[in-house]
Amino acid sequence: MKNTLIDIFKDKKAVLFDLDGTVIDSMWMWKDVDVTYLSKRNIEYPSSLPVEIEGKTYYETAVYFKERFNLPDTLEEIMDEWHEISYDIYCNKVMLKDKVKDVLITLKEKGYKTAIATSNSRALTKGVLESLGIYELFDTLVCSEDVKCGKPDPEVYMIACKNLGVLGSEAVVFEDVPQGLIAGNACGCKTVAVFDEYSKMYDEEKHKLADYYLMSYSEMFTDLFERQV
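Residues numbered from 1 in each chain as written. Predicted model: local features only at pLDDT ≥ 70, side-chain atom pairs only at ≥ 80, totals over all residues. Heavy atoms only, no water.

Engineer: Where do I start with the nonpolar core in this structure?
Structural biologist: One finds Phe-9, Phe-17, Trp-82, Tyr-90, Phe-174, Tyr-217 and Met-220 to be the most contacted residues of the largest nonpolar core, which totals 54 residues. If sequence neighbours within four positions are ignored, Met-220 has contacts with Leu-5, Phe-9, Val-103, Phe-174, Leu-214 and Phe-225. Judged by nonpolar contacts, the second largest core, of 17 residues, contains Ala-14, Leu-16, Cys-161 and Ala-171. (Core = buried A, V, L, I, M, F, W, Y, C linked by side-chain atoms within 4.5 Å. Buried < 20%, exposed > 50% of the residue type's maximum accessible area, 1.4 Å probe, protein only. Contact = heavy atoms within 4.5 Å.)

Shown next, in the form of structure tokens:
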């Protein structure tokens, strides 16, 4: 029998969100950042790159770039340049996914604890959440600097649960890519796959991995909030 959002949220205390492609519509910009970075070094952008770095932390991605493209730059220099290229776009042009702010406000009103668990850097994560006016709606941020291993390793979600004082079985994870869903499942959480244009080629896999597939955050109101006692 197919899970409903009511089933997913039964007895849950916390909701853990990935950031890029889940809370914010930002996946489109990362290719531009990588293309810009590589073109400065006369390196052609490999079409397979997004799949190869999916789920990796900021640091792990820098290690991958340095080794894959034989870069003379230090890891810190690579990450600093990415930050320089992306910060203005990230904090001034990236938008929220539709209805997500309303969902976050309602979750807080209903007493759920909330977290961001992302492979992105803390500086960019905090910057974009503040610019979009939702920073205060999260009880904790777990970013790439806080973990040793990126997704699909469950560490980022385990730390988020620990910070919130809940068990994995008491949390719901929202994710837009398979690696993140695998991480959420491995943490013992219920998982909700979020539709994103950038990752729609993975939809079949996302349907298999997740307990529920969310096409739009508006479903949270019609299929969950309005039915909760």
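Engineer: Would you take a moment to explain helix H4 (residues 58-68) for this structure?
Structural biologist: For an α-helix, the turn length of 3.6 residues means that residues three or four places apart are oriented alike. Within H4, burial applies to Tyr-58, Thr-61, Ala-62 and Phe-65. Buried residues along H4 cover an arc of 100° about the axis, so they all sit on one side. For H4, the secondary structure elements touched by its buried residues are helix H2 (27-39), helix H3 (49-53), helix H5 (75-92) and helix H7 (122-131). Looking one or two residues past H4, Asn-70 carries a phi angle of roughly 50°, positive in sign. (Helix = DSSP H or I, 4+ residues; strand = E, 2+ residues; numbered from the N terminus. Arc of directions from axis to C-beta.)

Engineer: Sorry if this is basic, but what is going on with the pattern of salt bridges here?
Structural biologist: Note on pairing: side chains with opposite charge can pair once their charged atoms come close. Tallying each qualifying case throughout the model produces 13 salt bridges. One salt bridge in this structure joins Glu-52 and Arg-68, with 2.4 Å as the shortest N-O distance. Taken as a pair, Glu-52 in helix H3 and Arg-68 in helix H4 lie far apart in primary sequence, 16 residues in all. The class of Glu-52 is partly exposed, set by a relative accessible area of 27%. Judged by its relative accessible area of 36%, Arg-68 falls in the partly exposed class. When the shortest N-O distance is used, the salt bridge between Asp-139 and Lys-108 registers 2.6 Å. Linking Asp-139 in the loop between H7 and strand E5 (140-142) with Lys-108 in helix H6 (residues 100-109), this pair joins segments that are 31 residues apart in sequence. (Salt bridge = Lys/Arg side-chain N within 4 Å of Asp/Glu carboxyl O.)

Engineer: Where do I start with the side chain of Ser-144 in this structure?
Structural biologist: Mapped onto the elements, Ser-144 comes out in the loop between E5 and helix H8 (155-164). With residues up to four places along the chain from it excluded, the contact list for Ser-144 reads Thr-57, Tyr-58, Thr-118, Ser-119, Asn-120 and Ser-121.

Engineer: Could you clarify how one ought to interpret the pairing of strand E6 (residues 171-175) in this entry?
Structural biologist: For a regular strand, the rule is simple: side chains alternate between the two faces of the sheet. Counted residue by residue, E6 has five buried out of five residues, so it is predominantly covered. The side-chain alternation of E6 yields two buried faces, one formed by Ala-171, Val-173 and Glu-175 and the other by Val-172 and Phe-174. As a crossover connection, the stretch from E6 through helix H9 (residues 178-186) into strand E7 (residues 190-194) is right-handed. (Right-handed = clockwise from strand over helix to strand, strands pointing away.)

Engineer: Would you explain the environment of Asn-3 in this entry?
Structural biologist: Along the chain, Asn-3 turns up in the segment before helix H1 (5-9). The class for Asn-3 is partly exposed, based on a relative accessible area of 26%. Not counting residues up to four positions away in its chain, the partners in contact with Asn-3 are Ile-8, Asp-211 and Tyr-212. Looking at Asn-3, its side chain comes within polar contact range of the main-chain oxygen of Asp-211, at 3.2 Å. (Polar contact = N/O pair within 3.5 Å; in protein donor to acceptor, adjacent residues only side chain to side chain.)

Engineer: Could you clarify how one ought to interpret the packing of aromatic side chains in this entry?
Structural biologist: Aromatic ring pairs are described here by two measures, namely the spacing of the ring centres and the angle between the planes. Scanning the model with the defined rule gives twelve aromatic pairs in all. Site record: aromatic cluster; members linked through ring pairs are Phe-9, Phe-17, Tyr-112, Phe-138, Phe-174 and Tyr-217. In this structure, Arg-41 is placed above the aromatic ring of Tyr-37, and the distance from its NZ or CZ to the ring centre is 3.8 Å. (Phe/Tyr/Trp six-rings, centres within 6.5 Å; stacked < 30°, edge-to-face > 60°. Lys NZ or Arg CZ within 6 Å of the ring centre and 35° of its normal.)

Engineer: Looking at this structure, how should I read the sheet that holds E5?
Structural biologist: Strand-to-strand pairing in sheets goes through backbone hydrogen bonds, with the strands running parallel or antiparallel. Read from one edge of the open sheet, six strands run E5-E4-E1-E6-E7-E8, paired in parallel fashion. At either margin of the open sheet sits one strand with a lone partner, and together these are E5 and strand E8 (212-214). Taking the axes of each pair of neighbouring strands and ignoring which way they run, one obtains an average angle of 25° across the sheet. Note: strand E4 (residues 113-117) against E5, three bridges, orientation parallel. Residue pairing in the sheet places Ile-116 in a bridge with Leu-141 of E5. (Pairing = 2+ DSSP bridges. Axes fitted to C-alpha atoms, helices over the stretch in contact; angles between N-to-C directions.)

Engineer: Please clarify how H5 should be interpreted in this entry.
Structural biologist: For H5, spanning 18 residues, the distance from its first C-alpha to its last is 26 Å, which sits close to the expected 26 Å at 1.5 Å a residue. Of all the bends in H5, the greatest measures close to 45° and is centred on Ser-86. Buried within H5 we find Leu-75, Ile-78, Met-79, Glu-81, Trp-82, Ile-85, Ser-86, Tyr-90 and Cys-91. (Expected span 1.5 Å × (residues − 1). Bend = angle between axes of the 7 residues up to and from the residue.)

None of the figures reported here should be taken as evidence of function without further support.
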